[in-house]
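Read off the chains here:
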Amino acid sequence: MRKTKSAFDNAYAYISVSILAGIIFILLDSIGLATSLRNGISYVFEPVSYDGTKIGTNVKEYLQNFVEMSEFMENYSKLKTDVYEKDINNAYYLLLKEENESLKKQLNLSDISKKYVECKVLGGNDSEYIKINAGSDDGVKQDNVVSIGNVYIGQVIKSDKAGSLVKLPLSKGSNFEVIVTERGVENAAISSSPAVLSKAVAIGTGNGIKVENISADANVKEGDVVVINDEKVGSYLILGYLVGLSDNPASTSKTGYVNPLINYDDLITVFVEI
Amino acid sequence: MIVLKLIYTITGVFLFTFLESLFSSLLGINVAFILFLFLYKKVDWRVLFSLMFIVCLIADVTSHYMLGTNFLTAMLALIFFSVLSIFFSTEAGILSWIVRMFAFFVYYSLLFVLPSFFLNRTFAPITVDVLKISLFRSIISLVIIILCEIVAGRFRKEGDKSNIKLG
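Residues numbered from 1 in each chain as written. Chains lettered and ligands numbered in written order. Predicted model: local features only at pLDDT ≥ 70, side-chain atom pairs only at ≥ 80, totals over all residues. Heavy atoms only, no water.

Description of the pairing of strand β4 (residues 151-159) of chain A
Residue and element names in this part refer to chain A.
Thinking step 1. Taking burial as the measure, the nine residues of β4 include seven buried ones, the bulk of the element.
Thinking step 2. Counted along the chain from strand β3 (residues 145-148) to the antiparallel partner β4, the turn is two residues long, and its residue G149 has a positive phi close to 60 degrees.
Thinking step 3. Bridging between β4 and strand β5 (residues 164-167) involves four bridges; their strand directions are antiparallel. Residue pairing in the sheet places K158 in a bridge with L165 of β5.
Thinking step 4. In textbook terms, the turn of a hairpin is the stretch between consecutive antiparallel strands, and for β4 and β5 this stretch comprises four residues. (Buried < 20%, exposed > 50% of the residue type's maximum accessible area, 1.4 Å probe, protein only. Helix = DSSP H or I, 4+ residues; strand = E, 2+ residues; numbered from the N terminus. Pairing = 2+ DSSP bridges.)

Things to note about the pairing of strand β9 (residues 225-228) of chain A
All names here are of chain A.
Thinking step 1. What you see with β9 is no split at all: V225 and V227 on one side and V226 and I228 on the other are buried throughout.
Thinking step 2. By the bridge criterion, four bridges tie strand β6 (residues 175-181) to β9 in an arrangement that is antiparallel. In the strand pairing of β9, V180 is matched with V226.
Thinking step 3. Pairing geometry for β9 and strand β10 (residues 237-243), over four bridges, is antiparallel. Of the residues in β10, the one forming a bridge with V227 is I238.

A short note on the packing of helix α1 (residues 2-26) of chain B against helix α3 (residues 45-63) of chain B
Residues and elements named next belong to chain B.
Thinking step 1. Remark: α1 packs on α3, axes separated minimally by 10 Å, with the N-to-C direction vectors making an angle of 45 degrees. In this view, α1 runs oblique relative to α3, as classed from their interaxial angle. Our pair here, α1 against α3, has a crossing hand that is right-handed. Counting all contacts with α1, which are made through T9, V13, F16, T17 and E20, the residues of α3 involved are L51, V55, I58 and A59.
Thinking step 2. Across the contact of α1 with α3, the residue classes tally to six nonpolar, two polar and one charged. (Axes fitted to C-alpha atoms, helices over the stretch in contact; angles between N-to-C directions. Parallel < 35°, antiparallel > 145°, perpendicular 65-115°, else oblique. Left-handed = near helix turned anticlockwise from the far one by under 90°. Contact = heavy atoms within 4.5 Å. Nonpolar A, V, L, I, M, F, W, Y, C, P; charged D, E, K, R; others polar.)

Quick word on the side chain of T73 of chain B
Thinking step 1. Within the secondary structure layout, T73 of chain B lies in helix α4 (residues 69-87).
Thinking step 2. Not counting residues within four places of it along the chain, the set of residues in contact with T73 of chain B comprises Y107, L110, L111 and L114 of chain B.

Overview of the interface of chain A and chain B
Thinking step 1. Of the residues lining the interface, 33 residues belong to chain A; the matching set on chain B comes to 33 residues.
Thinking step 2. Of the roughly 2,900 Å² buried between chain A and chain B, counting both surfaces, carbon and sulfur atoms make up 78%.
Thinking step 3. Ranking the residues of chain A by area buried against chain B places Y14, I26 and F45 of chain A at the top, with a combined share of 20%.
Thinking step 4. Remark: the boundary between chain A and chain B carries zero salt bridges.
Thinking step 5. Scanning the region where chain A abuts chain B turns up five residue pairs in polar contact (both at pLDDT 80 or more).
Thinking step 6. In terms of residue count, helix α3 (residues 35-67) of chain A provides more of the side of chain A that touches chain B than any other element does, 18 residues in total. (Buried area = accessible area lost by both parts, 1.4 Å probe. Salt bridge = Lys/Arg side-chain N within 4 Å of Asp/Glu carboxyl O. Polar contact = N/O pair within 3.5 Å; in protein donor to acceptor, adjacent residues only side chain to side chain.)

Describing the nonpolar core
Thinking step 1. In this structure, F33, F36, L37, F49, M52, M75 and L78 of chain B are the most contacted members of the largest nonpolar core, which totals 54 residues.
Thinking step 2. The element best represented in this core is α3 of chain B, accounting for ten residues.
Thinking step 3. Counting 40 residues, the second-largest nonpolar core is a separate cluster that includes F176, V178, L242 and L267 of chain A. (Core = buried A, V, L, I, M, F, W, Y, C linked by side-chain atoms within 4.5 Å.)

Topic: the packing of aromatic side chains
All names here are of chain B.
Thinking step 1. Counted by the stated rule, this structure contains 15 aromatic pairs over all chains.
Thinking step 2. When the ring of F104 is compared with that of Y108, the centres are 6.5 Å apart and the planes differ by 20 degrees; the resulting orientation is stacked. One end of the pair is F104 and the other is Y108, both in helix α5 (residues 94-120) and four residues apart, which spans about a single turn. An identical accessibility class is assigned to F104 and Y108; each is buried.
Thinking step 3. Ring pairing ties together the aromatic residues F33, F36, Y40, F49, F81, F104, Y107 and Y108, which thus form one cluster. (Phe/Tyr/Trp six-rings, centres within 6.5 Å; stacked < 30°, edge-to-face > 60°.)

Structural notes on α5 of chain B
Residues and elements named next belong to chain B.
Thinking step 1. Counted at 1.5 Å a residue, the expected span for α5 with its 27 residues is 39 Å, and the 40 Å between its end C-alpha atoms agrees.
Thinking step 2. Along α5, the largest kink reaches about 35 degrees and is centred on L111; proline P115 follows within four residues of it.
Thinking step 3. Count one or two residues on from α5 and you reach R121, which has phi positive near 65 degrees. (Expected span 1.5 Å × (residues − 1). Bend = angle between axes of the 7 residues up to and from the residue.)

Overview of the side chain of R100 of chain B
Residue and element names in this part refer to chain B.
Thinking step 1. With respect to the helices, strands and loops of the structure, R100 is situated in helix α5.
Thinking step 2. The buried category is assigned to R100, whose relative accessible area is 6%.
Thinking step 3. What R100 contacts, discounting residues up to four positions off in sequence, is L37, K42, F81, T90, L142, I145 and E149.

Topic: the packing of helix α2 (residues 31-39) of chain B against helix α6 (residues 128-153) of chain B
Residue and element names in this part refer to chain B.
Thinking step 1. Two elements in contact, α2 and α6, have axes whose closest approach is 10 Å; the angle formed by their N-to-C orientations is 45 degrees. When the axis of α2 is compared with that of α6, the two are oblique. The element α2 and its partner α6 pack so that their crossing is right-handed. Along its contact with α2, which presents I34, L37 and F38, the element α6 presents S141, I144, I145, C148, E149 and A152.

Here it is, written out as structure tokens:
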């Protein structure tokens, strides 16, 4: 009895028995005989283990944020650069799209028998003029008409080597002979003989375009289209819609204003007829 | 008194399971083996091996290993430690810590290989990364065991420095 006890007091004996026990358990589990034991332990201890694992994982993730801070910063600056690049690309594509749409308009709505120079608007001195990046080198001369499709933009008043100044129709001193026609011409090219409701004169006031001398008995109404028919321009080009029509029965003529088809501040691509 | 010990043991096993899972997911270290190596030759063999066996079985189930994997791995590492203890002192000194660190290193390296073998009959390859991770875990385990020694030093009986006063 004493011999047995002393044998089990020996650490190596314990280790040997333990290894044997470990191997037996592995064999039992591999043939499925320890399933009940597994289920029992799992039922009792899995929730405790789950909580411990969850807390450990959360703490690890939290600490990992500090460890990976430099990587985060690096990724952040990289993403920032990517965003800038995408913004630049986006702006470039928007410009291309705008140019594409302008060219489509020009092809569909302008007089294709004439020659045009495509140019970009660089900005203006004030709201009455715009600068364009086409000049005498491109064949642009004074009094050339600037348009997009069949919409009148202005007339070149000064042309230099690489740029020109364009006078918008709303500038003071601008005046054109115009005709007022019914709506429907904006969706397609102007017909060779539009139904003229009245002849009139369009005058730039600095901040708008006033239409005067509309025949008092003409059947014009708000929203009719004002089309330039002036020898200075040389072709039918739309100016805008008629708005703010006066209604004075005592007057011999009617007056109104033009709501331009295009916002002159948002112009990017225009075409100069040369 | 026996009932009280039983309650302590059950509560301890639950707490141990919690800590084992927490540290395993946090640092990848095995608290059971750290404590086993810490208490080795300090408490009664029968109590130590029995508790270790139970804790390892629980760890096997919660880690979804074959039953006995953790215990067998711990025993193999312990054999390594015992063999080294023949040639080097494991009681005190820097050498004793180095020996323990090697034991931990063997344990964590085996823990990469053996579970896969028992589950799939294929050994997981021991790569440089595996060895690096094992070394990192061994160092952390060694730090924990040193801290345990320092804390336990306060509870040691005067005149019997190899045994821990448990209650």
